[in-house]
Amino acid sequence: LGGHIGVSYYAYRRYLAYPAALHWRVHDVPAVMAEGRRLAAEKDREGRLAFADRFEEADGFDLLIAQGSVQYLPDTLDARIARLADAPRHVLVNLLPLHDRDSYWTLQSIGTAFCPYRVQSSGEFLSRFRALGYEIVDTWENPDKRCEIPFHPDHSLDRYHGFLFRRAGDERTPR
């Protein structure tokens, strides 16, 4: 989710031997996916990388990766996953802005525009994943990533977070 033009797919394949049956699917904004499709036609001879016009095309996949994209969604990641008939066994979320107490919206300046930007409370975020039947496998902090909220220092963030979840009772690792 938010995989841009397949940046992680291309980066990881330099170091990992992808299995022949691997299907890597990216869902992002339409203009980015159009460029990703064009690039994949040139660079992905194996045809493992594809682009999904709808999030629901994640149905049945083993692993969902969201790196720095969850905060831009108009809805929550757990709400999207709940709509899938066959939710992913594993969910990896990285570069996630979480606040200790509050959930709120702010604006992020990207230089050419201001984007709505969701910050979730850590308790609410984690309880929603537990309600979907996921458990935490691993967690980490990204102390180099910060979010300053002008005039509201109590809502500024001094780090971002990452999680690897798996559906409870599913001990298999992602393939």
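Treat the numbers as computed from the prediction; the structure is a model and nothing was measured.

Novice: Tell me about the overall build of the chain, and name the residues and values.
Specialist: A tally of regular secondary structure across the chain gives four helices and nine strands. For the chain, the succession of helices and strands along the chain, N to C, is α-β-α-β-β-α-β-β-β-β-α-β-β. At 17 Å, the chain has a C-alpha radius of gyration in line with the 16 Å of a compact globule built from 175 residues. On the principal axes, the C-alpha backbone points of the chain span a range of 50 × 45 × 30 Å. For the chain, the residues scored as buried account for 42% of the 175 residues in total. Element-wise, carbon and sulfur atoms account for 54% of the exposed surface of the chain, whose accessible area totals about 10100 Å². Where the 23 positive side-chain charges of the chain centre and where its 25 negative ones centre are 5 Å apart.

Novice: I'd like a rundown of the sheet that holds strand E7 (residues 114-121), residues and numbers included.
Specialist: Strands sit in the order E5-E7-E6 across an open sheet of three strands; the sheet is mixed. Strand pairing shows two members of the sheet lacking a second neighbour, strand E5 (98-99) and strand E6 (104-109), which therefore form its edges. Summarising the sheet, E5 and E7 pair through two bridges and their orientation is parallel. Residue pairing across strands places Leu-98 opposite Gln-120, the latter belonging to E7. Against the sheet, helix H4 (residues 122-131) engages E5 and E7, with an angle of about 75 degrees to E7.

Novice: How would you summarise the pattern of salt bridges if you had to cite specific residues and measurements?
Specialist: As enumerated under the stated definition, the model contains 17 salt bridges in all. Of the charged contacts in the structure, one is a salt bridge between Arg-89 and Asp-62, with a shortest N-O distance of 3.1 Å. Residue Arg-89 is located in the loop between helix H3 (77-82) and strand E4 (90-96), and its partner Asp-62 is located in the loop between strand E2 (49-51) and strand E3 (63-67); the two are separated by 27 residues in the primary sequence. Asp-62 carries the same exposure label as Arg-89, and that label is buried.

Novice: Tell me about the nonpolar core, and please be specific about residues and values.
Specialist: Formed by 21 residues in total, the largest nonpolar core has its most connected members in Leu-77, Ile-81, Val-91, Phe-125, Phe-129 and Phe-165. Put simply, the parts of the chain that give this core at least two residues each are E3, H3, E4, H4 and strand E9 (160-167). When near neighbours in sequence (up to four residues on either side) are disregarded, Phe-129 contacts Leu-77, Asp-78, Ile-81, Val-91, Tyr-134 and Phe-165. Grouped together as the second largest cluster of nonpolar side chains are 13 residues, Tyr-9, Trp-24, Leu-49 and Phe-51 included.

Novice: How would you summarise a nonpolar patch on the surface if you had to cite specific residues and measurements?
Specialist: Residues Tyr-12, Tyr-15 and Leu-16 make up a contiguous nonpolar surface patch of about 350 Å² in total accessible area. Its relative accessible area of 34% is what places Tyr-12 among the partly exposed residues.

Novice: Any details on helix H2 (residues 30-43)? Residues and values, ideally.
Specialist: In this model, H2 (14 residues) spans 20 Å end to end at C-alpha, consistent with the 20 Å of a helix rising 1.5 Å per residue. Those residues of H2 lying buried are Val-32, Met-33, Gly-36, Leu-39 and Ala-40. One face of H2 carries all of its buried residues, which in axial projection span an arc of 125 degrees. Opposite its buried face, H2 presents the exposed residues Pro-30, Ala-31 and Ala-41, each directed more than 90 degrees away. Against the buried residues of H2 lie helix H1 (7-13), strand E1 (24-26) and E2.

Basis of the calculations
- Residues numbered from 1 in each chain as written.
- Predicted model: local features only at pLDDT ≥ 70, side-chain atom pairs only at ≥ 80, totals over all residues.
- Heavy atoms only, no water.
- Helix = DSSP H or I, 4+ residues; strand = E, 2+ residues; numbered from the N terminus.
- Rg over C-alpha atoms; globule rule 2.2 N^0.38 Å.
- Buried < 20%, exposed > 50% of the residue type's maximum accessible area, 1.4 Å probe, protein only.
- Areas by Shrake-Rupley, 256 points an atom, 1.4 Å probe, with all protein chains shown as cover.
- Lys, Arg positive; Asp, Glu negative; His and termini not counted.
- Charge placed at Lys NZ, Arg CZ, Asp CG, Glu CD.
- Pairing = 2+ DSSP bridges.
- Contact = heavy atoms within 4.5 Å.
- Axes fitted to C-alpha atoms, helices over the stretch in contact; angles between N-to-C directions.
- Salt bridge = Lys/Arg side-chain N within 4 Å of Asp/Glu carboxyl O.
- Core = buried A, V, L, I, M, F, W, Y, C linked by side-chain atoms within 4.5 Å.
- Patch = residues over 30% accessible without salt bridge, like charges linked within 9 Å, V, L, I, M, F, W, Y side chains within 5 Å.
- Expected span 1.5 Å × (residues − 1).
- Arc of directions from axis to C-beta.

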